[in-house]
Amino acid sequence: MTTHINAVAKKCKATYAATYGLWGIDDDETRTLLDLIMKKSGADGKIPEIEIEYVTSSIWGMSEGMLLAVICLAKALAESVAQGTYEGWDTWIRHIRGEFLSIPSLKPLVESLCLGYNDLPVHLKTCLLYCSIYPENLSNILRPSLVTKWIAEGFVYQEKAAESYYEELISARDNLLMKRRDDFSVDPMMLAFLACKSEEVNFITCMHDCNDGSLNRNAKGIQRLSIYEREDSIDFSRMGVSHTRSLAWFGKRQIVPDIKHFGRLRVLDLEGNNDLENEHLAAICGLLSLRYLGIPDCQKISMLPREIGRLQNLETLDVSSMGVRELPWEAAQLPNLVCVIHGGYQVVKLPEVLREAMKTAGTDLSYQAMCPSIMLRDHFNQTTEQLPVKFGSKYVGVPRWISAAFRDVSSLDIMLCKLEEDDQKLLGGLPNLENLVVRFQLLPRKTIPIIGGGFGRLQNFCFDCRMPWLTFQPGAMPNLKYLLFKFYSGPASKDPLNIMHLRGLRAVSFKCSENYSSDAPGISATIDVVRREADQHPNEIWLFINGKREVFPEKKNSPEIREQDSSIIQGAASSSAIDAESSNGSDDKTDGNKGKTPQVSNHASSSRTSEVHEIEEAQE
């Protein structure tokens, strides 16, 4: 007895105590079977030996060694060769995909695939048919991408239900959906079957390579459109796309689609479009019905426009594997945005308490001046599941409303003019803060003492200033592991840093701005101070100077740096995030100043009312 249904196999196992899986044949066995069928059909020797090797490996890859699939494909190929209609593998396989259900030689394979498909309930059939929107060469598809598209299409309304549908399809039958760790792929034979089924009922219309046959049949009412491997422009004005719900365009070399004709689009996926640039996104933000926007692996996209705030129906934003590191604040205001997919991770949206706090924060600072954004990866090169927030504007001191509005924030980047004891208490009181970047426009008037107490969960601290005029008091930042300094130029502090008071410290990193010399006297003196203090620290300290590591002698009673900590230290030390996103105004110099120490004022006024203006005047 043989079966494709796992439930039947489990029942047999309970009754007869044993079941056996059937494994596919290998590449050599596929070649032997192909030669036998070709010879029997009178097509032996009509395909050159060089090409037959490619054909064999292609058949084996498509069938994944499934015996029935190999036999059916080999028979269809032999018949085509014998009848003189074979014009090369690529042309032939496109014909096979387009006519999969109607080719007589493939009938046993189609009937086999129908067994698993017909046994599914209607809702799972719909979700499975939607998988035909993906091209065959897309071997790894992210699970969050698929389930959120189902929700955007209205096949299912809750994420939990969508996840259960996905698990049912994974476990229903081996060649429905094939799980690969956290992602999945669709069996090539099943994909061809689903694509033809979808076109039969006008569920999905596929345009691939130069084959537009299916397009002509459904040109007056395309429900969902999948395009891949197209390098020519497409005139959408002559197609029935005004009510199209989904557009998926795959391939590395693409023409940027003219999306103004897709007025009712709910799902837009432009994965791997290397022609898509920042300026194209403003037009996409005019698709007001959009619920899913996918622009993963679009290498020329470096930032999202503020116009994204127009997409009030947007539920999912996929920016995986691209240069976007942060989202504009307008994205946080989208009322229906439930997840952002970045590198396969889901980043939760800002909580409602933060939205309300930002609405009332105008008493401290205007909304336009705050310019906050949401970081997808923090400045220590880590992806976070909690909320990372960056403020693009400078503050005289830490805003008082921050203690209530940012209780859920794990990463914070803020530019200040002063960091006094009250400011530190506000930041140190944030219960979930693990990563902190503080940027100073100019040198403070005096060394800033970091007080003891607070910062209970802080593990990473970056101080971006002309010179690290800090000193750590006993009990300061008790769980801090990684201390990073971004510096420029200026005199060394007269006070020690006292890093020996940071009892959990593992590494210190100095990153000199590329527009300044790292061997300036003040910089060299500060680094020498840290070297001496690191040598006195009870822990083994890793010191990085522009990425070059120094390890101080291991102490007898020092805890070993774990492998996980080591990788994070190396990542933080080599990360270019702080260099790339520095907000320090002194860093914006021309190449002619490179290696020089500019003459600037070393002091900023401590007055609350005039400090910002004095800083701006000093820069000018």
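Presented here is an overview of the structure given in this document. (Residues numbered from 1 in each chain as written. Predicted model: local features only at pLDDT ≥ 70, side-chain atom pairs only at ≥ 80, totals over all residues. Heavy atoms only, no water.)

**Some thoughts on the overall build of the chain**
- A count of helical and extended segments in the chain gives 21 helices and 23 strands.
- Taken over 620 residues, the chain has a buried fraction of 52%.
- Considering only contacts within the chain whose residues lie at least 6 apart along the sequence, 56% involve residues at least 24 apart.
- On the chain, roughly 28200 Å² of surface is accessible, and the fraction owed to carbon and sulfur atoms is 50%. (Helix = DSSP H or I, 4+ residues; strand = E, 2+ residues; numbered from the N terminus. Buried < 20%, exposed > 50% of the residue type's maximum accessible area, 1.4 Å probe, protein only. Contact = heavy atoms within 4.5 Å. Areas by Shrake-Rupley, 256 points an atom, 1.4 Å probe, with all protein chains shown as cover.)

**Some words on a negative patch on the surface**
- Together, Asp26, Asp27, Asp28 and Glu29 make up a region of like negative charge exposed at the surface.
- Residue position: Asp26 is located in the loop between α1 (6-16) and α2 (27-40). (Patch = residues over 30% accessible without salt bridge, like charges linked within 9 Å, V, L, I, M, F, W, Y side chains within 5 Å. Salt bridge = Lys/Arg side-chain N within 4 Å of Asp/Glu carboxyl O. Lys, Arg positive; Asp, Glu negative; His and termini not counted. Charge placed at Lys NZ, Arg CZ, Asp CG, Glu CD.)

**Looking at the nonpolar core**
- Judged by nonpolar contacts, the single largest core of 75 residues is most densely connected at Phe100 and Trp150.
- Ranked by residues supplied to this core, first place goes to helix α4 (residues 67-82) with nine residues.
- Excluding residues that lie within four positions of it along the chain, Phe100 makes contacts with Leu106, Leu109, Val110, Leu113, Met189, Ala192, Phe193 and Cys196.
- Formed by 52 residues, the second largest nonpolar core is a distinct cluster that contains Val398, Phe406, Leu443 and Leu497. (Core = buried A, V, L, I, M, F, W, Y, C linked by side-chain atoms within 4.5 Å.)

**Digging into the pairing of strand β18 (residues 460-464)**
- When you tally the buried positions in β18, you get five out of five residues, the bulk of the element.
- Of the two faces of β18, the one lined by Asn460, Cys462 and Asp464 and the one lined by Phe461 and Phe463 are each fully buried.
- Sheet analysis places strand β16 (residues 435-440) next to β18, joined by five bridges and oriented parallel. Among the inter-strand pairings, Val437 is bridged to a residue of β18, identified as Cys462.
- Direction of pairing for β18 relative to strand β20 (residues 482-487): parallel, over a ladder of five bridges. Across the sheet, Cys462 pairs through a bridge with Leu484, a residue of β20. (Pairing = 2+ DSSP bridges.)

**Let's talk about α2**
- Look at α2: 20 Å from first C-alpha to last across 14 residues, which is about the 20 Å you get at 1.5 Å a residue.
- For α2, the complete set of buried residues consists of Thr30, Arg31, Leu33, Leu34, Ile37 and Met38. Buried residues of α2 fall within an arc of 170° about the axis and therefore sit on the same side. Seen from the buried face of α2, the exposed residues on the opposite side, beyond 90 degrees, are Asp28, Thr32, Leu36, Lys39 and Lys40.
- Where the residues of α2 are buried, they touch α3 (49-63) and α4.
- Two or three places before Asp28, at the opening of α2, Asp26 has a side-chain oxygen 3.2 Å from that residue's backbone nitrogen.
- Looking at the residues trailing α2, positive phi occurs at Gly42, about 80°. (Expected span 1.5 Å × (residues − 1). Arc of directions from axis to C-beta. Polar contact = N/O pair within 3.5 Å; in protein donor to acceptor, adjacent residues only side chain to side chain.)

**A word on the pattern of salt bridges**
- For the structure shown, the criterion picks out 16 salt bridges.
- Here Glu153 and Arg224 are joined by a salt bridge, their closest N and O atoms 3.2 Å apart. With a gap of 71 residues between them, Glu153 in helix α8 (residues 143-153) and Arg224 in strand β5 (residues 224-228) connect regions that are remote in the sequence.
- According to the relative accessible area criterion, Arg224 is buried, its value standing at 7%.
- A salt bridge links Glu153 to Arg245; its shortest N-O distance comes to 3.2 Å. Of this pair, Glu153 sits in helix α8 while Arg245 is found in the loop between β5 and β6 (246-250), placing the two residues 92 residues apart along the sequence.
- On the basis of relative accessible area, Glu153 is assigned to the buried category, the value being 2%.
- Note on Arg245: relative accessible area 22%, which makes it partly exposed.

**Let's talk about the packing of α2 against α4**
- Contact pair α2 / α4: the axes reach a minimum separation of 9 Å and the direction vectors enclose 40°. One element, α2, and the other, α4, form an angle in the oblique class. Every pair of crossing elements has a handedness; the one defined by α2 and α4 is right-handed. Here Thr30, Leu33, Leu34, Ile37 and Met38 of α2 come into contact with α4, specifically with Leu67, Val70, Ile71, Ala74, Lys75, Leu77, Ala78 and Val81.
- Residue composition of the contact of α2 with α4, grouped by class: eleven nonpolar, one polar and one charged. (Axes fitted to C-alpha atoms, helices over the stretch in contact; angles between N-to-C directions. Parallel < 35°, antiparallel > 145°, perpendicular 65-115°, else oblique. Left-handed = near helix turned anticlockwise from the far one by under 90°. Nonpolar A, V, L, I, M, F, W, Y, C, P; charged D, E, K, R; others polar.)

**Side note on the packing of aromatic side chains**
- Under the counting rule described, the total for this entry stands at nine aromatic pairs.
- Through successive ring pairs, a cluster of aromatic residues spans Tyr130, Phe155 and Phe203.
- Positioned above the aromatic ring of Phe203, the side-chain terminus of Arg224 is 4.3 Å from the ring centre. (Phe/Tyr/Trp six-rings, centres within 6.5 Å; stacked < 30°, edge-to-face > 60°. Lys NZ or Arg CZ within 6 Å of the ring centre and 35° of its normal.)

**Quick notes on unusual backbone geometry**
- Backbone geometry at Asn202 places phi at a positive 55°, although glycine is not the residue there.
- Looking at the secondary structure, you find Asn202 in the loop between α10 (188-200) and β4 (205-208).
- Although it is not a glycine, Asn498 adopts a positive phi angle of roughly 60°.
- Looking at where Asn498 falls in the secondary structure, it is placed in the loop between β20 and β21 (507-512).

**Considerations on the environment of Pro399**
- Take Pro399: it is sitting in the loop between β14 (387-395) and α16 (402-405).
- Overall, Pro399 belongs to the buried group, its relative accessible area being 7%.
- Filtering out sequence-adjacent residues up to four positions away, Pro399 remains in contact with Ile414 and Leu426.

**What about the packing of α2 against α3?**
- Across the interface, α2 lies against α3 with an axial gap of 9 Å and an inter-helix angle of 115°. Where α2 crosses over α3, the handedness of that crossing is right-handed. Side by side, α2 and α3 meet where Asp27, Thr30, Arg31 and Leu34 of the first sit next to Glu49, Ile52, Glu53, Val55, Thr56, Ser57, Ile59 and Trp60 of the second.

**So, the pairing of β16**
- With six of six residues buried, β16 lies mostly within the body of the structure.
- Burial of β16 is two-sided: the residues Asn435, Val437 and Arg439 facing one way and the residues Leu436, Val438 and Phe440 facing the other way are all buried.
- Alignment of strand β15 (residues 409-416) against β16, held across six bridges, turns out to be parallel. Along β16, the bridge assignment pairs Asp413 with Val437.
- Each parallel crossover has a hand, and the one from β15 via helix α17 (residues 421-428) to β16 is right-handed. (Right-handed = clockwise from strand over helix to strand, strands pointing away.)

**Thoughts on the environment of Ser302**
- With respect to the helices and strands, the residue Ser302 is situated in the loop between β8 (292-294) and β9 (316-318).
- Sequence spacing of Ser302 and Glu326 is 24 residues, and the spatial spacing of their C-alpha atoms is 9.3 Å.
- Setting aside residues no more than four positions away along its own chain, Ser302 makes contact with Asn278, Gly323 and Val324.
- Here Asn278 takes part through its side chain, which lies 2.9 Å from a polar atom of the side chain of Ser302.

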